[in-house]
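Observations on the three-dimensional arrangement
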Amino acid sequence: MSSEERAPAAEDLIDDTSRGRFELYRDGELVGWLYYTHLKPNRYALKHTEVEPSHQHQGVAGAMVLRVLDEIRAREGTITAICPFVVDYLSRTTAYADLIDARHPGYPDRASAEAAQAKARG
């Protein structure tokens, strides 16, 4: 079967609150996760995105961020964008501008987010 003929993978987003991360499963297999901190009153600091090496370059991170943002919107939450990938994703669309916490927006661009992460690592 060619890649064009394959049925789309079934995706599930799970909020693993014990680990502080949203997990994306495709056909029952964990393919990526996005770490967050849930802050009061209902703000999510989106901190770090990871994709299983065997699933990189397959659109997992983008699909996961989209699903996470939709989930946070459904929860009537706001976000603080810390993860460089999330910051970059948000910079390419206005569809989620309403989710960005006005008092704590996070980083304005990917370069700023990456520089802050590098500085934190020492």
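Reading guide: rules and limits
- Residues numbered from 1 in each chain as written.
- Predicted model: local features only at pLDDT ≥ 70, side-chain atom pairs only at ≥ 80, totals over all residues.
- Heavy atoms only, no water.
- Helix = DSSP H or I, 4+ residues; strand = E, 2+ residues; numbered from the N terminus.
- Rg over C-alpha atoms; globule rule 2.2 N^0.38 Å.
- Pairing = 2+ DSSP bridges.
- Buried < 20%, exposed > 50% of the residue type's maximum accessible area, 1.4 Å probe, protein only.
- Contact = heavy atoms within 4.5 Å.
- pLDDT = per-residue confidence, 0-100.
- Salt bridge = Lys/Arg side-chain N within 4 Å of Asp/Glu carboxyl O.
- Axes fitted to C-alpha atoms, helices over the stretch in contact; angles between N-to-C directions.
- Parallel < 35°, antiparallel > 145°, perpendicular 65-115°, else oblique.
- Nonpolar A, V, L, I, M, F, W, Y, C, P; charged D, E, K, R; others polar.
- Expected span 1.5 Å × (residues − 1).
- Polar contact = N/O pair within 3.5 Å; in protein donor to acceptor, adjacent residues only side chain to side chain.

**Focus on the overall build of the protein chain**
- On a plain count of helices and strands, the protein chain comes out with three helices and five strands.
- For the protein chain, the succession of helices and strands along the chain, N to C, is β-β-β-β-α-β-α-α.
- Radius of gyration (C-alpha) of the protein chain: 15 Å, near the 14 Å computed for a compact globule of 122 residues.
- If one aligns the C-alpha atoms of the protein chain with their principal axes, the spans along those axes are about 50 × 30 × 30 Å.

**A few points about the pairing of strand β3 (residues 29-39)**
- Here six bridges tie strand β2 (residues 21-26) to β3, and the two strands are oriented antiparallel to one another. Bridging from a neighbouring strand, Arg-26 pairs with Glu-29 of β3.
- Connecting β3 to the next strand, strand β4 (residues 43-51), in antiparallel fashion are three residues.

**Section: helix α2 (residues 84-91)**
- Buried residues of α2: Pro-84, Val-86, Val-87, Tyr-89 and Leu-90, and no others.
- On its buried side, α2 packs onto β3, β4, α1 (60-74), β5 (78-81) and α3 (110-121).

**Some words on the pairing of strand β1 (residues 11-16)**
- Pairing between β1 and β2: six bridges, direction antiparallel. Along β2, the bridge assignment pairs Leu-13 with Leu-24.
- Hairpin remark: β1 followed by β2, antiparallel, with four residues in the connecting loop; positive phi at Gly-20, about 65°.

**Some points on the confidence of the model for the protein chain**
- Residues with a pLDDT of 70 or more make up 93% of the protein chain, whose mean pLDDT is 93.
- Averaged pLDDT values over the elements of the protein chain bottom out at 90 in α3 and peak at 98 in β5.

**Notes on the pattern of salt bridges**
- Enumeration over the complete set of coordinates arrives at ten salt bridges.
- In this structure, Arg-110 and Glu-114 form a salt bridge, with 2.8 Å as the shortest nitrogen-oxygen distance. Placement of both Arg-110 and Glu-114 in helix α3 is noted, with a separation of four residues, approximately one turn of the helix.
- Counted as one network, the salt bridges with shared partners bring together Asp-88, Arg-92, Arg-110 and Glu-114.

**Considering the packing of α1 against α2**
- The geometry of α1 relative to α2 is characterised by a closest axis approach of 11 Å and an angle of 75° between their N-to-C directions. Classified by the interaxial angle, the pair formed by α1 and α2 is roughly perpendicular. Residues Ala-61, Gly-62, Val-65, Leu-66 and Leu-69 of α1 pack against Phe-85, Val-86, Tyr-89 and Leu-90 of α2.
- Residues of the contact of α1 with α2, tallied by class, amount to eight nonpolar, one polar and no charged.

**Observations concerning α3**
- Spanning twelve residues, α3 covers 17 Å between terminal C-alpha atoms, matching the ideal 16 Å at 1.5 Å per step.
- One side-chain oxygen at the N-terminal end of α3 lies 3.2 Å from the backbone nitrogen of Ala-111; it belongs to Asp-109.

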